[in-house]
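Read off the chains here:
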Amino acid sequence: MAETIILIKGDVTYQLTLDPTVWIFDDRKLDLTTYFITEKVAEDNEKYLRDMGAHWSREIMEGAVFPPTLKTERKFDRKGMLTGTFGMELNPFLKNAQVNDSATEVIFECSTNEEHSFSIEEASTLILKFSQDGKPLVADGPVHILLADGSNTDNPIKNVTAIRIQ
């Protein structure tokens with residue numbers, strides 16, 4: 001059985017321990033059954049600012065509500081979680097690890113003694129696939145590395161044990 005924990009180590013301020021088995025409950029997860037076939041639309045900056053202004057005004061008038069009330073609590077799609085294929089973007093984890101300015105590449109270490117290298121810019125666009133048809137990637141996981149354009153979905157990087165920044 002493959003190890004389910006992945007370390008982000010090397011030229012970072014904070015070494016991180018990633019546990020993909022809990023990502024199924026993360027709101028940031030991507031539905032990979034539709035992710036690569038839907039058109040990516042860049043958000044209009046003016047619309048974003050207008051929406052954020054409205055949100056800010058509402059919080060000032062009504063007060064912020066943390067945690068969400070029962071009416072606004074997110075309901076989990078249990079059937080979708082049991083049958084879906086999901087991934088997470090690598091970029092938020094790289095930001096949390098705080099990659100040092102001296103770092104130039106991200107290397108994925110695999111249990112097969114292979115290493116796959118990407119520039120910091122390329123790595124920030126990669127996707128960590130963590131489930132297939134509702135099941136964790138036990139045999140050759142815990143994650144598969146997918147390119148942002150989905151061109152390697154049939155042949156992803158597998159058996160990842162660590163992410164080394166150098």
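Report follows, based on the coordinates. (Residues numbered from 1 in each chain as written. Predicted model: local features only at pLDDT ≥ 70, side-chain atom pairs only at ≥ 80, totals over all residues. Heavy atoms only, no water.)

**Quick word on the overall build of the protein**
Okay, step 1: What the protein contains, in helices and strands, is five helices and 10 strands.
Okay, step 2: Going through the 166 residues of the protein one by one, you find that 34% of them count as buried.
Okay, step 3: For the protein, the share of sequence-separated contacts (at least 6 apart) that also reach a separation of at least 24 residues comes to 65%.
Okay, step 4: Accessible area of the protein: about 10,900 Å², with a carbon and sulfur share of 53%. (Helix = DSSP H or I, 4+ residues; strand = E, 2+ residues; numbered from the N terminus. Buried < 20%, exposed > 50% of the residue type's maximum accessible area, 1.4 Å probe, protein only. Contact = heavy atoms within 4.5 Å. Areas by Shrake-Rupley, 256 points an atom, 1.4 Å probe, with all protein chains shown as cover.)

**Some thoughts on the pairing of strand β4 (residues 86–89)**
Okay, step 1: Across two bridges, strand β3 (residues 30–31) lies against β4 in antiparallel orientation. Along β4, the bridge assignment pairs D31 with F86.
Okay, step 2: Sheet topology places β4 next to strand β7 (residues 127–132); four bridges connect them, and they run antiparallel. Within β7, the position partnered with F86 by the bridge is S131. (Pairing = 2+ DSSP bridges.)

**Some details on the nonpolar core**
Okay, step 1: If you look at the biggest cluster of nonpolar residues, it comprises 29 residues, and the most contacted ones within it are I8, F108, I163 and I165.
Okay, step 2: Elements with a contribution of two residues or more to this core: β1 (6–10), β2 (16–18), β4, α4 (91–97), β5 (105–110), α5 (120–123), β7 and β10 (160–165).
Okay, step 3: With sequence-adjacent residues up to four places away left out, F108 is seen in contact with L90, E114, E115, H116, F118, L126, I145, V160, A162 and I163.
Okay, step 4: L30, L32, Y35 and L146 belong to the second largest nonpolar core, which has five residues in total. (Core = buried A, V, L, I, M, F, W, Y, C linked by side-chain atoms within 4.5 Å.)

**Thoughts on a nonpolar patch on the surface**
Okay, step 1: On the surface, a cluster of nonpolar side chains totalling about 300 Å² of accessible area is made up of Y48, L49 and M52.
Okay, step 2: Following the sequence through the fold, L49 ends up in helix α2 (residues 45–62). (Patch = residues over 30% accessible without salt bridge, like charges linked within 9 Å, V, L, I, M, F, W, Y side chains within 5 Å. Salt bridge = Lys/Arg side-chain N within 4 Å of Asp/Glu carboxyl O.)

**Some points on the pattern of salt bridges**
Okay, step 1: Per the counting criterion, the structure on display carries five salt bridges.
Okay, step 2: D26 serves as the salt-bridge partner of R28, at 2.8 Å between the closest nitrogen and oxygen.
Okay, step 3: For R28, a relative accessible area of 42% corresponds to the partly exposed category.
Okay, step 4: Using a relative accessible area of 17% as the deciding quantity, one classes D26 as buried.
Okay, step 5: Note that E109 is salt-bridged to R164, the shortest N-O span being 2.4 Å. Of this pair, E109 sits in strand β5 while R164 sits in strand β10, and the two are 55 residues apart along the sequence. Across this residue pair, the class does not change: E109 and R164 are buried.

**Details of the packing of aromatic side chains**
Okay, step 1: Applying the stated rule across the entire model yields five aromatic pairs.
Okay, step 2: Ring centres of Y35 and F36 lie 5.1 Å apart, and the angle between their planes is 80°; this geometry places the pair in the edge-to-face category.
Okay, step 3: Overall, F36 belongs to the partly exposed group, its relative accessible area being 24%.
Okay, step 4: Taken together, a centroid distance of 5.8 Å and an interplanar angle of 80° make the contact between F108 and F118 edge-to-face. (Phe/Tyr/Trp six-rings, centres within 6.5 Å; stacked < 30°, edge-to-face > 60°.)

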